[in-house]
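Descriptive structure summary
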Amino acid sequence: MEKIESIKEFGGWLNRYKHQSASCDCRMTFSVYLPPQIEQEKVPVVYWLSGLTCTDENVRSKAGAQRYAAELGLALVMPDTSPRGDDVADVAERYDLGKGAGFYVNATEAPWAKNYQMYDYVTSELPALIEAHFPVLPGVKSISGHSMGGHGALICALKNPRAYRSVSAFSPICHPVISPWGEGCFSAYLGTDKARWKAYDATELVKAGNSATPLLIDQGTDDEFLTEQLYPEDLQAAYAEQGAPLTLRMQPGYDHSYHFIATFIGEHLAFHAKALYS
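Notes on the structure in this doc start here. The structure presented is a predicted model; accordingly, all values stated were derived computationally and were not measured.

Considerations on the environment of Tyr 47
The residue Tyr 47 is located in strand E4 (residues 43-49) in this model. Using a relative accessible area of 3% as the deciding quantity, one classes Tyr 47 as buried. Taking C-alpha positions, Tyr 47 is 6.1 Å from Met 78, a pair spaced 31 residues apart along the chain. Residues within four places of Tyr 47 in sequence aside, it is in contact with Val 77, Leu 126, Pro 127, Ile 130, Lys 141, Ser 142, Ile 143 and Ser 144.

Structure representation (structure tokens):
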């Protein structure tokens, strides 16, 4: 790993690193916030997955999460949203496919399969790297995210129920097999067989019997993407059919932006801290 930035915040350190990823076959960037408690002990980790067009920069500069992480004794790990580099496949004229839009799947189709292995990166390679090089508690982790990253957090937890102590999401894409964003990326990354898409769809995973608890979702009622892209009601119905608990909070007047995330990020991190320290 190469440390490329280090900033002191709230008694801890916000660091940024580059490393060669075996999963994505390129140089990847991620940020880590290490709270002041690491001076005395190892701490749990919350992984944050960002949305379309984002990098690790968005959440660390807009959400205000580091203040709460310092108070609660949580490390925050914030990866990029896709592979990067001159040799990485992309569609430059689209914001919702290619770089910045990895969708947290393992691509199977050319030319995407060479680099777009984001599911393996965030569930396996990156946690192993974090636990090997930072003062964190091995295996004591939770996951959260926004929009495409909320989708990523949900599928990671649903597919690996013993790996995460808790999961939360802001405005997640809950049913990507019927979402225009999901359809566009899944058809490119995974091919035209829609049955294969269900392995990366939170609603379909719950319908198939998967569950992840505790689970907290916040969704703004004035989110411009709510009706056509996100489908939280589908996930809620799937959980109800399974008889499993889901906390879905519809927040009046809030949109899809980081203003919404910043309003409730403290509650989400407290939710994770309760699970991680129990």
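Quick notes on the pairing of strand E8 (residues 215-220)
Taking burial as the measure, the 6 residues of E8 include 6 buried ones, the bulk of the element. Both faces of E8 are covered, namely the face carrying Leu 215, Ile 217 and Gln 219 and the face carrying Leu 216, Asp 218 and Gly 220. Relative to strand E9 (residues 247-251), E8 is paired through 5 bridges, and the arrangement is parallel. What sits directly across from Gln 219, in E9, is Met 250.

What to know about the environment of Pro 44
Secondary-structure assignment places Pro 44 in strand E4. Since its relative accessible area comes to 0%, Pro 44 is described here as buried. Put simply, Pro 44 and Trp 181 are 137 residues apart on the chain and 33 Å apart in space, counted from C-alpha to C-alpha. Leaving out residues up to four positions away in the same chain, Pro 44 has contacts with Gly 73, Leu 74, Ala 75, Leu 137, Val 140, Leu 276 and Tyr 277.

Notes on the packing of helix H2 (residues 65-72) against helix H10 (residues 258-276)
It is the contact of H2 with H10, at a shortest axis distance of 9 Å, that shows an interaxial angle of 30°. Relative to H10, the element H2 is oriented roughly parallel. Every pair of crossing elements has a handedness; the one defined by H2 and H10 is right-handed. Here Ala 65, Tyr 68, Ala 69 and Leu 72 of H2 lie close against H10, whose contacting residues are Ile 265, Gly 266, Leu 269, Ala 270 and Ala 273. Taken together, the residues of the contact of H2 with H10 sort by class into 8 nonpolar, 1 polar and no charged.

A few points about the pattern of salt bridges
Side-chain pairs of opposite charge can arise where the charged atoms are in close proximity. By the definition in use, this model includes 13 salt bridges. When the shortest N-O distance is used, the salt bridge between Asp 80 and Arg 84 registers 2.8 Å. For the salt bridge of Glu 204 with Lys 207, the shortest nitrogen-to-oxygen distance reads 3.7 Å. With Glu 204 and Lys 207 both in helix H7 (residues 202-207), this residue pair falls 3 residues apart, about one helical turn. Through salt bridges with shared partners, one network takes in Glu 5, Arg 16, Asp 56, Glu 57 and Arg 60.

A few points about the side chain of Ser 50
Residue placement: Ser 50 occurs in the loop between E4 and helix H1 (57-62). The exposure class of Ser 50 is buried, given its relative accessible area of 1%. Among the polar contacts made by the side chain of Ser 50, one reaches the side chain of Trp 48 at a distance of 3.1 Å. Not counting the four nearest positions on each side in its chain, Ser 50 is found in contact with Thr 55, Val 59, Thr 81, Tyr 104, His 146, Met 148, Gly 149 and Tyr 258.

A few points about helix H9 (residues 232-242)
Turning to H9, its buried residues are Pro 232, Leu 235, Ala 238 and Tyr 239. The buried residues of H9 occupy one face: seen down the axis, they fall within an arc of 125°. Facing away from the buried side of H9 by more than 90 degrees, the exposed set consists of Ala 240 and Glu 241. Where the residues of H9 are buried, they touch helix H4 (148-159), H7, E8, helix H8 (226-230) and E9. Just downstream of H9 lies Gly 243, where phi reads positive at about 70°.

Reading the values: the criteria
Residues numbered from 1 in each chain as written. Predicted model: local features only at pLDDT ≥ 70, side-chain atom pairs only at ≥ 80, totals over all residues. Heavy atoms only, no water. Helix = DSSP H or I, 4+ residues; strand = E, 2+ residues; numbered from the N terminus. Buried < 20%, exposed > 50% of the residue type's maximum accessible area, 1.4 Å probe, protein only. Contact = heavy atoms within 4.5 Å. Pairing = 2+ DSSP bridges. Axes fitted to C-alpha atoms, helices over the stretch in contact; angles between N-to-C directions. Parallel < 35°, antiparallel > 145°, perpendicular 65-115°, else oblique. Left-handed = near helix turned anticlockwise from the far one by under 90°. Nonpolar A, V, L, I, M, F, W, Y, C, P; charged D, E, K, R; others polar. Salt bridge = Lys/Arg side-chain N within 4 Å of Asp/Glu carboxyl O. Polar contact = N/O pair within 3.5 Å; in protein donor to acceptor, adjacent residues only side chain to side chain. Arc of directions from axis to C-beta.

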